[in-house]
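Coordinate analysis (summary)
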Amino acid sequence: MMTTADVFTWFISAIASLSIIAFVYARFTAIKIEQQEGRLHSRPNFFGWYAVSRLCVPTLGLAFLYSIFHMAGLINSNLLLFCVSFGAGFIYLFLGLKHLHKDFRARQAVEKVSRRLFFLAALISIFTTLGIVFSVLFEAFRFFTIVPLWDFLTGTSWNPDTAFLIGAGRDEGGAVPEFGSLPIFAGTFMITIIAMLVAVPVGLFAAIYMSEYASHRVRNMLKPTLEILAGIPTVVYGFFAAITISPLVVHAAEAFGLQADFTNALAPGLIMGIMIIPFISSLSDDVIRAVPQPLRDGSLALGTTHAETIKNVVLPAAFPGIVAAFLLAVSRAIGETMIVVMAAGLRPNLTANPLEGVTTVTVKIVEALTGDQEFDSAFTLAAFALGLVLLIITLVLNIGSTIVVRKFTQRYE
Amino acid sequence: MSSPSNLKRRYRADKRFKLYGIAAIAFSLCFLTFFFVDIIGKAIPAFEQAYIQVPVTYNEALKSNYNKAIPKAYRRLVSKAFLRTLPQKLEAHPELLGTTQPEWALANHRVDQFLKQHEGHGLKKKYRSKVEQLYQEDKIEFRFNANFFSRGDSKMAENAGVLAAVMGSVLVLLITILVAVPIGVMTAIYLEEFAPDNKFTQAIEVNINNLAAIPSILYGLLGLAIFINVMGVPRSSALAGGLTLALMTLPVIIISTRAALRSVPQSIRDAAYGLGASNLQVVMHHVLPLAFPGILTGSIIGLAQAMGETAPLLIVGMMAYIPEAPSSILNAATVLPAQVYTWSSESMRAFEERTAAGILVLLVVLLSLNALAVYLRKRFEVRW
C-alpha cells in the first residue's frame, strides 16, 4: 500500500528522470543532425526543451485531472495514474520526436509552451482570490441557513456555547445559541480606533519629520529603523501586550482610581497602533516627498514659515496618498489577529470603556477553529461568516484607497 | 501685515511643529528600545538552567518505578525528564546495578524558578530551605541551557526546547519557497514582459494588489477549506502550512519581482532584440539575470514575513503539541511562532522565560534575514 506521499515522490522522480533522458536524447539528436546536414533552425537546447515539454504537458495534465477525480472520490488507482499519464506522455513524445529535423522551429514551439506556463502561473493568483472568496462564502452560506443574516448582523448577544451540542445531536433543551455579532464588531472597531489614535499622529509626524526636516543621512537611518516595528512578528507583539503592557495599563488605571481588566482593550490597541506606525510613516513619507519642490519654494517665497508651508501646501497636496495609507492601515488593524488573540478578551462585550475586555472578529475566528468542535456545527461555521464580513470590509477599504489615489491625486507636470 | 509679536508667535508655532516630528520619532525609538530591553531581559534567564547533584541508586526497583532511584527528599526537586532516562541507562550499563553514584540531574522548573527568584515559582515552603542549603553547598549549579536548543516541546518546562519547532519552521519555509518563488517569478515575468495590455491583465494586477492586503487569517480559512477539507492534506502538517503560507507570500514576491524587472532599462532589451534574440531569450538571458538581486531581496523579505506569521497556521492546526521534530511534510508539525503562542498560554512561570527566549531566537533569525536582504540590495544594486 503506497501512501499519497509515496505516490507523489515516485511520480515526481519518474517525471524528472524521464525529462532528463528526453532532453539529453533530443539534444544529441539535434547535434548529430547539425553535424551531418548543416546549421539547424534552432539551437540544440531548444530541441531538448521541446522533448521535455512534449513529455510533461500531457503527463502533468492527466495527473492533474486524476487528482481532481481522486479528490472527488471517483477513482483510486495508482496504477491507473501512472499508466495513463505516462502512457499519454510517451505517445505524445514519440510523435514529437518525428519533428526533429534540420528546419524544425523548436524555439518557437518551446516559447509557445513557456508563454502558456507563465500565463498559468499568473492565473494562480486569480484562483487564490476565488479560493478565499468561495471557501468563505460557501461555509458562510451554510451558516446563514441556520442563523438568519439579519440576526447575525444586528443581534447584541453572542452566546454560541450550546451550538456544538446541537451539532453533536445532544440538544438537551438548554439555552438557544445566539449569534448576534454586534458586540464582536464593536470590540473590533474599538481596538482599531485606539490603534489609529496612536498610529496616525505618530506615523504622520514621523513622516513629516523624515521628509521635510531630516537630512538625507538621518532619514536613511530612521526609515529602516522604524520599519523594524513592522517586521516584528505579531505573536511577539501579542506576548508583549499581554505580559508587559496589560499590567502597566492596570496599574496606571489604579493610579487614577479606575478599574481595568487584565484583558483590557487598551493594551492590544496601543501595541497594534505601534505596529502600524511604519505603514503610515513609510507610505506618507513617499507621498510627501512626491510633492514637487516648486510648490514649497513658492509658498516659502510668499513669506510663510516652514510649518505653515507644510500645513497649508504640502499636506493638502499629499492628502489623497495619506488617506489611502490611512485606509490600508485600518484594514490592517481590523484583520490583525495574534495581538488581540493573546491580549484582548474572549468575552463579547458591548461597551465604550477601553479598560474593559472586548473581543474581536479575528479572536472569534481563531477560537472557533482551533478547538475540537465538530466542523459542521454552527459554532465553527460562524467563523466563516465572520471571515466573510472581514473579507468584505478589507476589500472595500482596499478598493476605497485605490479609488482615492486614482481620483484625487494631483498630477504635477 | 504681521506685527512683531505675531511673527514671534508664528516662529514659535514653527518650532513646535518640528518638535512634534522629533517627538514622534523619539516615541517610536523609545518604544523599540523598551521593547527589546524588555524581551531580552525576560529571555536571558531561560538560557541558564539549574542542575542538582543527587545520589542515584541503581537497583532492581528502579526498572519498574524510576522514582525509587533517588532518596525521597530529592524526588520533588529533580525533573521527571531525568528520572525516566534512568531505566534505559541501567539497561545499557548493567554493571551499574547495585551501585550508588552522585549524578548531576536536571532540576525541576520550580527549583529553577525559585533560585532565579522569580515570583510565582510554585516551590512549596517545605522544600525551600533544603534547596537553599543545597545551593550553598554547591550541590545545585546553573549551567548553559543546551536542552533549549536540542529538545522539542515538553510538558515539563525545564525540558522544553525549540528544536522541533525550528525544524517545523524549516520544513514549512522550504515548501513555501518551492511553491511561491517559481510561481511568483513566472507571474511577474508574464505581467511585465508578455501580457497584452487588456482588461484581463488589469484584472490580474488589481487582484494581486488586493491579495497583498487581505488579512492573513483569511488565508488560514482558505487553507482549512481548500487544502485540508477538499484536497485532503493532513491537518497540522507542514505541507498544509507551507501551501497556505506560499499563497500568502505570493503577492509579496510578485510585486517585488515586477519592480526588479521594471528597473532593468529598456535599452538592454532593445540591444538583445537588435541582435536577433526572441522574446523569451531576452527575458531569460538578459532581463532575469540583471533583475536577480532584486528578486532575491524581495523573496527573502517575503519569506521573513512568512516565517513570523502565526494566525493562518493556527487555523490549519499547526499549534499541536510536538515533542519530536517532524520526519515528513505530512506529519503533524509546529513552527517557531506557533510554539511561542502555545508556550505563552501555559500557566507555569518557567514557560514565560522560555516564551521570551523563543521570541529572541525568532527575532534574531528574522532580523538577520532582513539584514541579509538589505546587504544583498546594497551589494548588488546597479545604478543604470
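Residues numbered from 1 in each chain as written. Chains lettered and ligands numbered in written order. Predicted model: local features only at pLDDT ≥ 70, side-chain atom pairs only at ≥ 80, totals over all residues. Heavy atoms only, no water.

1. What to know about the overall build of chain A
Scanning chain A from N- to C-terminus turns up 15 helices and two strands. For 413 residues, the compact-globule estimate of 2.2 N^0.38 gives 22 Å, and chain A exceeds it by more than 25% at 30 Å. Seen through its C-alpha atoms, chain A measures out along the principal axes to roughly 95 × 80 × 35 Å. Among the 413 residues that make up chain A, the fraction classed as buried is 49%. For chain A, the proportion of contacts with a sequence separation of at least 24, taken over those separated by at least 6, is 75%. As presented, chain A carries roughly 20000 Å² of accessible surface, and 67% of it is formed by carbon and sulfur atoms. On chain A, the mean spot of the 26 positive side-chain charges and the mean spot of the 26 negative ones are 20 Å from each other. (Helix = DSSP H or I, 4+ residues; strand = E, 2+ residues; numbered from the N terminus. Rg over C-alpha atoms; globule rule 2.2 N^0.38 Å. Buried < 20%, exposed > 50% of the residue type's maximum accessible area, 1.4 Å probe, protein only. Contact = heavy atoms within 4.5 Å. Areas by Shrake-Rupley, 256 points an atom, 1.4 Å probe, with all protein chains shown as cover. Lys, Arg positive; Asp, Glu negative; His and termini not counted. Charge placed at Lys NZ, Arg CZ, Asp CG, Glu CD.)

2. A closer look at the interface of chain A and chain B
The partner chain B presents 75 residues to the 80 residues of chain A that form the contact. When the area that chain A buries against chain B is broken down by residue, the three leading residues are Phe118(A), Phe239(A) and Phe240(A), summing to 10%. Across the chain A-chain B interface, the total number found is one salt bridge. Arg10(B) is the partner of Glu308(A) in a salt bridge, and the nearest nitrogen-oxygen pair spans 2.9 Å. Scanning the region where chain A abuts chain B turns up 10 residue pairs in polar contact (both at pLDDT 80 or more). Among the elements that line the side of chain A that touches chain B, the one with the most residues is helix α4 (residues 106-146) of chain A, at 19 residues. (Buried area = accessible area lost by both parts, 1.4 Å probe. Salt bridge = Lys/Arg side-chain N within 4 Å of Asp/Glu carboxyl O. Polar contact = N/O pair within 3.5 Å; in protein donor to acceptor, adjacent residues only side chain to side chain.)

3. Re the pattern of salt bridges
Applying the stated criterion across every chain, the model contains 19 salt bridges over all chains. In this structure, Asp285(A) and Lys223(A) form a salt bridge, with 3.1 Å as the shortest nitrogen-oxygen distance. Here Asp285(A) is found in helix α10 (residues 266-290), whereas its partner Lys223(A) is found in helix α8 (residues 216-231), with 62 residues between them in sequence. Looking at Asp285(A), the relative accessible area reads 0%, which means it is buried. Measuring nitrogen to oxygen at the nearest pair gives 2.9 Å for the salt bridge that ties Glu193(B) to Arg269(B). With Glu193(B) in helix α9 (residues 163-194) and Arg269(B) in helix α13 (residues 266-274), this residue pair connects regions lying 76 residues apart in the sequence. We note that Glu193(B), like Arg269(B), is buried. Salt bridges linked by common partners bring Arg219(A), Lys223(A), Asp285(A) and Asp286(A) together as one network.

4. What to know about the confidence of the model for chain B
Taken residue by residue, chain B gives an average pLDDT of 88. The fraction at 70 or more is 99%. Looking at the elements of chain B, mean pLDDT is at its lowest for helix α2 (residues 61-64) of chain B, recorded as 78, and at its highest for α13(B), recorded as 94. (pLDDT = per-residue confidence, 0-100.)

5. So, the domain arrangement of chain B
All names here are of chain B. Looking at the assigned domains, one finds that chain B contains domain 1 (47-144) and domain 2 (163-380). Distance between the C-alpha centres of domain 1 and domain 2: 45 Å. The interface of domain 1 with domain 2 comprises nine residues on the first partner and seven residues on the second. Per-residue buried area on domain 1 facing domain 2 is highest for Phe 47, His 109 and Gln 113; these three make up 59% of the total on that side. With a closest N to O distance of 2.9 Å, Glu 353 and Lys 116 form a salt bridge. Where domain 1 meets domain 2, there are five residue pairs in polar contact (both at pLDDT 80 or more). Per-element tally for the side of domain 1 that touches domain 2: the top contributor is helix α6 (residues 109-115), with three residues. Partitioning the side of domain 1 that touches domain 2 into residue classes produces one nonpolar, five polar and three charged. (Domains from an automatic or database assignment. Nonpolar A, V, L, I, M, F, W, Y, C, P; charged D, E, K, R; others polar.)

6. Here we look at the nonpolar core
With 188 residues, the main nonpolar core has Val236(A), Met272(A) and Ile365(A) as its most contacted residues. Broken down by element, the residue count for this core peaks at 17 residues, all from helix α7 (residues 182-213) of chain A. Discounting residues that sit within four places of it in the chain, Val236(A) has contacts with Phe35(B), Ile39(B), Ile359(B), Leu362(B) and Leu363(B). Ranked by size, the runner-up nonpolar core spans 30 residues in total, among them Val54(B), Leu62(B), Leu106(B) and Leu115(B). (Core = buried A, V, L, I, M, F, W, Y, C linked by side-chain atoms within 4.5 Å.)

7. Some thoughts on the sheet that holds strand β3 (residues 140-144) of chain B
All names here are of chain B. One open sheet holds the three strands; their spatial order is β2-β1-β3, and the pairing between them is antiparallel. Edge positions in the open sheet fall to β2 (100-106) and β3, since each of these has one partner strand only. Strand-to-strand, the axes of this sheet are offset by a mean angle of 35°, without reference to chain direction. Sheet analysis places strand β1 (residues 48-57) next to β3, joined by five bridges and oriented antiparallel. Its bridge partner lying in β3, Tyr 51 is registered against Glu 141. (Pairing = 2+ DSSP bridges. Axes fitted to C-alpha atoms, helices over the stretch in contact; angles between N-to-C directions.)

8. Some thoughts on α10(A)
With 25 residues, α10(A) should cover 36 Å at 1.5 Å per step; its first-to-last C-alpha distance of 35 Å lies within 8% of that length. Approximately 35° is the largest bend angle found in α10(A), and it occurs at Ile276(A), with the proline Pro278(A) only one to four residues beyond. (Expected span 1.5 Å × (residues − 1). Bend = angle between axes of the 7 residues up to and from the residue.)

9. Side note on the packing of helix α1 (residues 4-43) of chain B against helix α17 (residues 349-380) of chain B
Residue and element names in this part refer to chain B. Where α1 meets α17, the closest approach of the two axes is 7 Å, and the angle between their N-to-C directions is 125°. Taken together, the axes of α1 and α17 lie oblique to each other. The handedness of the crossing between α1 and α17 comes out as left-handed. Two secondary-structure elements touch here, α1 through Phe 35, Phe 36, Ile 39, Ile 40, Lys 42 and Ala 43 and α17 through Glu 352, Glu 353, Ala 356, Ala 357, Ile 359, Leu 360, Leu 363 and Leu 367. Per-class residue counts for the contact of α1 with α17 are 11 nonpolar, no polar and three charged. (Parallel < 35°, antiparallel > 145°, perpendicular 65-115°, else oblique. Left-handed = near helix turned anticlockwise from the far one by under 90°.)

10. A closer look at the pairing of β1(B)
Summarising the sheet, β1(B) and β2(B) pair through seven bridges and their orientation is antiparallel. For Val56(B), the partnering residue across the bridge sits in β2(B) and is Gln101(B).

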